[in-house]
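Report on the structure
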Amino acid sequence: MTKINMGLALLLALIFVLTACPTSAHKYQDFTSAKDRHYTSIEEVEDQSNLLTYIVHVRKPQPQGDANSLHSENLHGWYHSLLPASTKTQNQQRIIFSYKNILDGFAVKLTPEEAKALEDKDEVVSARPEKILSLHTTHTPSFLGLQQGLGLWKGSNLGEGIIIGILDTGIYPFHPSFSDEGMPSPPSKWKGHCEFTGRRTCNNKLIGARNFVKTTNNQSLPFDDVGHGTHTASTAAGRPVQGANVYGNAKGTASGMAPDAHLAIYKVCSLYGCSESAILAGMDAAVDDGVDILSLSLGGPSAPFFDDPIALGAFGAIQKGIFVSCSAANAGPFYGSLSNEAPWILTVGASTIDRKIMAIAKLGNGREYIGESVFQPKDFAPMLLPLVYAGANGTSGSVFCAPESLENVDVKGKVVLCEQGGFVPRVAKGKAVKDAGGAAMILMNSKLEAFNPIADVHVLPAVHVSYAAGLAIKDYINSTIAPTATILFEGTVIGNPLAPAVASFSSRGPSQASRGILKPDIIGPGVNILAAWPVSLDNNTPPFNIISGTSMSCPHLSGIAALLKNSHPDLSPAAIKSAIMTTAYGVNLEGKPILDQTLQPADVFAIGAGHVNPSKANDPGLIYDIQPNDYIPYLCGLGYTDRQVGIILQQKVRCLEVKPIAEAQLNYPSFSILLGNTSQFYSRTLTNVGPVNTTYSVEIDVPLAVGMSISPARITFTEVKQKVTYYVGFIPEDRENRGNHMFAQGAIKWVSEKYTVSIPISVIFR
């Protein structure tokens, strides 16, 4: 649910531009002849109004002779042979996707009765209806310390030779962010396809584009009809574009994190969401195509990993050495609100950057309240106008400035105070004010969002202010006979000392799917992010937009992972994740602890290991590595059945023959402890990726009301890739020491002359 707040008219205009503009279509000679080769067209499928899409997991038979005998066409044929007889009528194609890399199974259209008959077959492990998941929705390279010719942008060659696969809403391929000027050809391992051109590549930057979204209007090409996919792709790996801005704000050179990496686009989402079958098909194709990084700014509610399509696809990917980065979701600030919790995924929360698009609400009493807005019209005269509270008539709809809710409120020519919430998008509130004749809008945060306003492309002069400011403005309205206000537009301001701070919407831990794994893993820029957009919002070209969400933080980390993969090609996905997490920082530009939306220190369930530090991640010193088979005892320890573990691993597993481990025993670069009255003991194994003959000493930030022991307390590494195990004890202290605290947090740091390798600790008291 990315926080894109565009008016309906803009969305309709965007769809019109992408589907009806002939000039863009003819930029590729083969564009009009491009065919959809990867899924069944809607015309080939019978009337399926009474059918549901089922995800079917199977046990593949052992291959006879040729180990690849059940690949591609043979595999699809075998899947088809399993279907009930009622599905095999003339002119009917029920199987819509066949999977071969990330899971054993297929997606198929069935009636509930047919699904039950299919599930009764010995070869079928399960058949269940698919889920619909949602999207989680310039200056950031500089804010992250990435500078041309220096540090990680020098050592990693800007991601050259790395392929980032983006699963999203498609792409607008003609944006200069996806220019291939000066780009080398894709690596020889690339096996993908560009549906825009009908060839192996679109260009040397955008090397692949495929569509897995089924439509009824034969729109088969992977154009972005939402904007989300274009934005995330350019954030991860967009080429530098000078003069990028929106309404003149945030002006500068826009660049992705890995500007020389190749992009492969897999359209799996539309305006209506992201179907599980399409997500699995996109991930399956990406693995087959040869991507190095997978970036998914989408997700669903917490679920067991065997029932989570992204967790399943991601496990198949990491088995092939592919790094997977996913958004944490936008359900914060509530605890336990995460998506994408599997330990083989990098789960990314959202933080602010030090740039504000500043606007000020000025009241008739002289008080001024700082807020933000992207739309800052030059022709809005800063003269005081009558000020009115939208909820003055006492109806809930008008409080939130819902569409058509202000008909009985006198807002004509006035500044209108609206409240955030009510399931009304922020920009839609302004449209309601404008439609009712209002001159401007002051939007106040809810109590939950507190001091975390968002800059939006509003449809009228507007400013988004904090909850505290909103209360003060309400008090002024209620205590004044003729309240007045105006809005002052200050433009782009760099250098907010409280950055980075955790975004109010960024989902929080603890993980519901696995309490013994601390999530999110990391936070990165996700508020007011400028990146490429398919259609101009301000009549400027090339078009850009500023939006917010963990959808925006995820591709930042995907691009950084591409830089690290380029710099250290031998590192496993888990090792890259460890490098990112153990080098993260926990302070803002003032050198004080990172704050949350209440301006209080953010806890470990908001920031995980902390804020990403790309340059430090390029030289972590030590890493906590995990190989795919290391997850088997962890999954068995979760209490999953053999069948459920087998679905994840795509192989037969007998947990009775495996020594299960506690969740906290997985060699993860953090600790998540559920502590009762009994002491707990675990181990971690460090791998040296730094210089030899380096000695580390341990420093412990001990959580409240917990005793800790670590042995050994000093380690010397004499070889590269040398592994050393240390042991950690967590000892409960008297319950009265906990006070009213439900949890505590701390850290373990291994410190040498050059390195500090830190992992966070969370302790939930039972």
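Scroll up for the structure.
What comes next is a walk through the structure.

Rules used throughout
- Within any chain, residue numbers begin from 1 and follow the written order of that chain's sequence.
- Where local features are concerned, this predicted model is filtered to residues with pLDDT of at least 70; where side-chain atom pairs are given and counted, the filter is 80 or more; whole-chain, interface and lining totals use all residues.
- By convention in this description, side-chain values take in all heavy atoms of the structure and omit both hydrogens and water.
- Secondary structure is summarised from DSSP: a helix means a run of H or I of at least four residues, a strand means a run of E of at least two, and numbering begins at the N terminus for each.
- Each residue gets one of three labels from its accessible area relative to the maximum for its type: buried under 20%, exposed over 50%, partly exposed in between, using a 1.4 Å probe on protein chains only.
- For this document, the term salt bridge refers to a Lys or Arg side-chain nitrogen within 4 Å of an Asp or Glu carboxyl oxygen.
- Put simply, a patch holds well-exposed residues, over 30% relative accessible area, that have no salt bridge, with like charges counted together within 9 Å and Val, Leu, Ile, Met, Phe, Trp or Tyr side chains within 5 Å.
- Using a 1.4 Å probe, accessible areas were evaluated by the Shrake-Rupley method; residue-level cover was limited to the displayed protein chains.
- We call Phe, Tyr and Trp rings a pair once their centres come within 6.5 Å, taking the six-membered ring for Trp, and we label the pair stacked below 30 degrees between planes, edge-to-face above 60, and tilted otherwise.
- Over a ring means this: the NZ of a Lys or the CZ of an Arg is within 6 Å of the ring centre and within 35 degrees of the ring normal.

**A look at the overall build of the chain**
Tallying secondary structure elements over the chain gives 18 helices and 35 strands in all. Burial analysis of the chain (766 residues in total) assigns 62% to the buried set.

**Regarding the pattern of salt bridges**
Counting across every chain of the model gives 20 salt bridges. The residue Lys100 makes a salt bridge to Asp288 at a minimum N-O spacing of 3.4 Å. The class for Lys100 is partly exposed, based on a relative accessible area of 31%. A salt bridge links Asp410 to Lys414, with the shortest nitrogen-to-oxygen separation between them at 3.2 Å. Here Lys414 falls in the buried class, since its relative accessible area comes to 19%. In the salt-bridge network here, residues are joined through shared partners; they are Arg128, Lys131, Glu276 and Asp307.

**Here's the deal with a nonpolar patch on the surface**
A cluster of nonpolar side chains, Phe451, Leu498 and Leu599, forms an exposed patch at the surface whose accessible area comes to about 230 Å². A relative accessible area of 41% places Phe451 in the partly exposed class.

**A closer look at the packing of aromatic side chains**
According to the stated counting rule, one finds 23 aromatic pairs in the structure shown. A centroid spacing of 4.9 Å and a plane angle of 35° characterise the contact between Tyr79 and Phe106, whose relative ring orientation is tilted. Highlighted residues: Tyr79 in helix H3 (residues 72-81) and Phe106 in strand S3 (residues 105-110), separated in sequence by 27 residues. Just as Tyr79 is buried, Phe106 falls in that class too. Members of the aromatic cluster, connected to one another through ring pairs, are Tyr172, Phe174, Phe196 and Phe223. Here the guanidinium or amino end of Arg684 rests over the ring plane of Phe671, the centre of that ring lying 3.8 Å away.

**Topic: unusual backbone geometry**
In this chain, Gly332 is followed by Pro333 through a cis amide linkage whose omega measures 5°. The topology assignment puts Pro333 in the loop between strand S15 (323-327) and strand S16 (346-351). Cis geometry is adopted by the peptide bond preceding Pro712, which originates at Ser711 and carries an omega value of -5°. Structurally, the position occupied by Pro712 is in the loop between strand S31 (706-711) and strand S32 (714-717).

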